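Next come the chains, spelled out residue by residue.
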Amino acid sequence: MNHQVQVFEIARDAKPDERPRAVDRFAVSGETNEDARRAVVARLATDGRTVRSISFLADGGLVVVVMPPAPAPAAAPNPRRAGGGR
C-alpha cells in the first residue's frame, strides 16, 4: 500500500508558539502502518533529519514533523599550531 507523506520542519530551538513549515512531500510503501512508519523514519534519517512526531491520517497518509539536521561539529584546534610555530 502506498502512503503519501507530508513533511513539516521546526527548528531545534523553536519557541512554543512557532509553527512548523511545510518542506517536502513523498510516498512510501508498506503493508502495515508500522512498515510505513519505518520507511518514513529511514528515508528522513538519510537526510540527517530527526523525526519529532508522526501522525497517521484517516486516508492512509502520514504527517511528519522533523527537526533539521544537526550542525556539523566544529573542528578542534590543532594543539601543535597553538603558540606560533618554529
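If you're wondering where the values come from, they're calculated on a predicted model, not measured in any experiment. (Residues numbered from 1 in each chain as written. Predicted model: local features only at pLDDT ≥ 70, side-chain atom pairs only at ≥ 80, totals over all residues. Heavy atoms only, no water.)

## Things to note about the overall build of the protein
Stated precisely, the cut-off is as follows: Put simply, DSSP H or I for four residues or longer makes a helix, DSSP E for two residues or longer makes a strand, and each gets a number counted from the N terminus. Burial classes follow relative accessibility: with a 1.4 Å probe on protein chains only, a residue under 20% of its type's maximum area counts as buried, one over 50% as exposed, and anything between as partly exposed. Any two residues whose heavy atoms approach within 4.5 Å are treated as being in contact. Areas reported as accessible are Shrake-Rupley estimates using a 1.4 Å probe. Residue values count occlusion only from the protein chains shown.
When you go through the protein residue by residue, the secondary structure sums to one helix and four strands. Reading the protein from its N terminus to its C terminus gives the helix and strand order β-β-α-β-β. The proportion of buried residues among the 86 residues of the protein is 22%. A sequence separation of at least 24 residues applies to 41% of the contacts in the protein between residues at least 6 apart. Carbon and sulfur atoms make up 50% of the accessible area of the protein, which totals about 6400 Å².

## Considering the nonpolar core
Here is the rule we go by: Buried Ala, Val, Leu, Ile, Met, Phe, Trp, Tyr and Cys residues that are joined via side-chain atoms within 4.5 Å together make up what is termed a nonpolar core.
Among the nonpolar cores identified, the biggest contains 10 residues, and these are Val 5, Val 7, Phe 26, Val 28, Ala 36, Val 40, Leu 44, Leu 62, Val 64 and Val 66. Those elements that provide at least two residues to this core are β1 (2-9), β2 (21-29), α1 (33-46) and β4 (62-67). When near neighbours in sequence (up to four residues on either side) are disregarded, Val 7 contacts Arg 21, Ala 22, Val 23, Asp 24, Phe 26, Leu 44, Val 64 and Val 66.

## Some thoughts on the pattern of salt bridges
The following threshold applies: The salt bridge definition used is simple: a Lys or Arg side-chain nitrogen within 4 Å of an Asp or Glu carboxyl oxygen.
Taken as a whole and assessed by the stated rule, the structure comprises five salt bridges. Arg 37 is paired through a salt bridge with Glu 34; the nearest N and O atoms lie 2.6 Å apart. On the criterion of helical spacing, the pair formed by Arg 37 and Glu 34 is a turn pair, its members being three residues apart in helix α1. Take Arg 37: its relative accessible area is 30%, and that puts it in the partly exposed class. The class of Glu 34 is partly exposed, set by a relative accessible area of 33%.

## Quick word on the sheet that holds strand β3 (residues 50-56)
Note the following rule: Here a strand pair is declared whenever DSSP counts at least two bridges between the two strands. Angles run from 0 to 180 degrees between N-to-C directions of axes, and those axes are lines fitted to C-alpha atoms, restricted for helices to the stretch in contact.
As summarised here, the arrangement of the four strands in space is β2-β1-β4-β3, forming an open sheet in which the pairing is mixed. In this open sheet, the two strands that pair with only one neighbour each are β2 and β3. The sheet shows a mean angle of 25° between the axes of neighbouring strands, direction not considered. Summarising the sheet, β1 and β4 pair through five bridges and their orientation is parallel.

## Some details on the environment of Ser 55
Topologically, Ser 55 is positioned in strand β3. Residue Ser 55 is classed as partly exposed on the basis of its relative accessible area of 38%. Taking the C-alpha atoms as reference, Ser 55 lies 9.3 Å from Arg 37; in sequence the two are 18 residues apart. With residues up to four places along the chain from it excluded, the contact list for Ser 55 reads Gly 61, Leu 62 and Val 63.

## Describing the packing of aromatic side chains
For the record, the criterion: Between the rings of Phe, Tyr and Trp (Trp by its six-membered ring), a pair exists once the centres lie within 6.5 Å; its type follows the angle of the planes, with under 30 degrees stacked, over 60 edge-to-face, and the other angles tilted. Put simply, a charge is over a ring when the Lys NZ or the Arg CZ is close to the ring centre, within 6 Å, and near the line of the ring normal, within 35 degrees.
With the rule as written, the count across this model stands at zero aromatic pairs. Geometry around Phe 26 places Arg 43 over its ring, the cationic atom sitting 3.9 Å from the centre.

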